[in-house]
Each structure stands twice: as structure tokens, then as C-alpha cells.
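Single-letter residue listing:
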Amino acid sequence: MSSSPCFVTQIATKEILLRVTNVCGECYDDLKEGDEIYYDMQNYRYLCKKCQEALCERMNDRCEIIEEEGQALF
Ligand SMILES: [Zn+2]
């Protein structure tokens with residue numbers, strides 16, 4: 001699957017790791033220099049590849065999280 005418009009793909013730099021975050025905003029796994037990381041524009045956080053892919057599968061075209069079945073839609 002190609003990249004999602006909901007995320008900005010970046011390579012983790014020392015700068016990002018020091019000044020922004022060095023863990024994934026979802027699973028708190030360590031991010032390392034040179035890793036591909038994904039900026040989540042809805043939640044203003046960086047995610048690892050695994051979490052970005054998982055979130056993409058739950059998002060609609062407008063980058064909104066599609067709630068699990070059983071929740072009311074309006
Ligand atoms: Zn993660």
C-alpha cells in the first residue's frame with residue numbers, strides 16, 4: 001500500500017528525536033535515527049510504521065478514524 005495523505009512520511013533525524021519526540025505517539029516504541037516515521041496531522045504526533053499502517057486501515061478519505069461497529073453514527 002502506498003503512503004496515506006493523512007500522514008507525512010519523514011526520516012527520523014537527531015533533530016526530531018531530540019526536539020520533538022523519540023517515541024511513537026501510539027505504542028511508545030523507540031524511534032531511532034534513520035527510521036521512517038509518520039507525522040499524524042490529525043493528532044500532531046509522530047507514529048512508527050506499524051501504527052501508521054494500523055491507523056490507515058481505520059481511516060476514511062477525510063482521515064477520520066472509522067469507529068468500530070456498534071457505535072452510533074450520525
Ligand atoms: Zn507505534
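Bear in mind the structure is a predicted one, so any value in this text is a computation, not a measurement.

Visitor: I'd like a description of the coordination of the zinc ion, backed by residues and values.
Guide: Protein-derived coordination of the zinc ion comes from Cys24 (SG), Cys27 (SG), Cys48 (SG) and Cys51 (SG), at a distance range of 2.2 to 2.3 Å. Angles of 106 to 115 degrees at the metal separate the four donor atoms of the zinc ion, which places the site in the tetrahedral class. For the zinc ion, all donor residues lie on one chain, and their spacing in sequence is C-x2-C-x20-C-x2-C. On the basis of relative accessibility, which here comes to 28%, the residue Cys27 falls in the partly exposed class.

Visitor: I'd like a rundown of the side chain of Gln52, residues and numbers included.
Guide: On the secondary structure map, Gln52 appears in helix H2 (residues 49-57). Every residue in contact with Gln52, bar those within four places of it in the chain, is listed here: Ser4, Phe7, Tyr38 and Leu47.

Conventions used here
- Residues numbered from 1 in each chain as written.
- Predicted model: local features only at pLDDT ≥ 70, side-chain atom pairs only at ≥ 80, totals over all residues.
- Heavy atoms only, no water.
- Donors = N, O, S within 2.8 Å, 3.2 Å for Na, K, Ca; no water.
- Tetrahedral: all angles 85-135°; square planar, octahedral: opposite > 155°, others 65-115°.
- Buried < 20%, exposed > 50% of the residue type's maximum accessible area, 1.4 Å probe, protein only.
- Helix = DSSP H or I, 4+ residues; strand = E, 2+ residues; numbered from the N terminus.
- Contact = heavy atoms within 4.5 Å.

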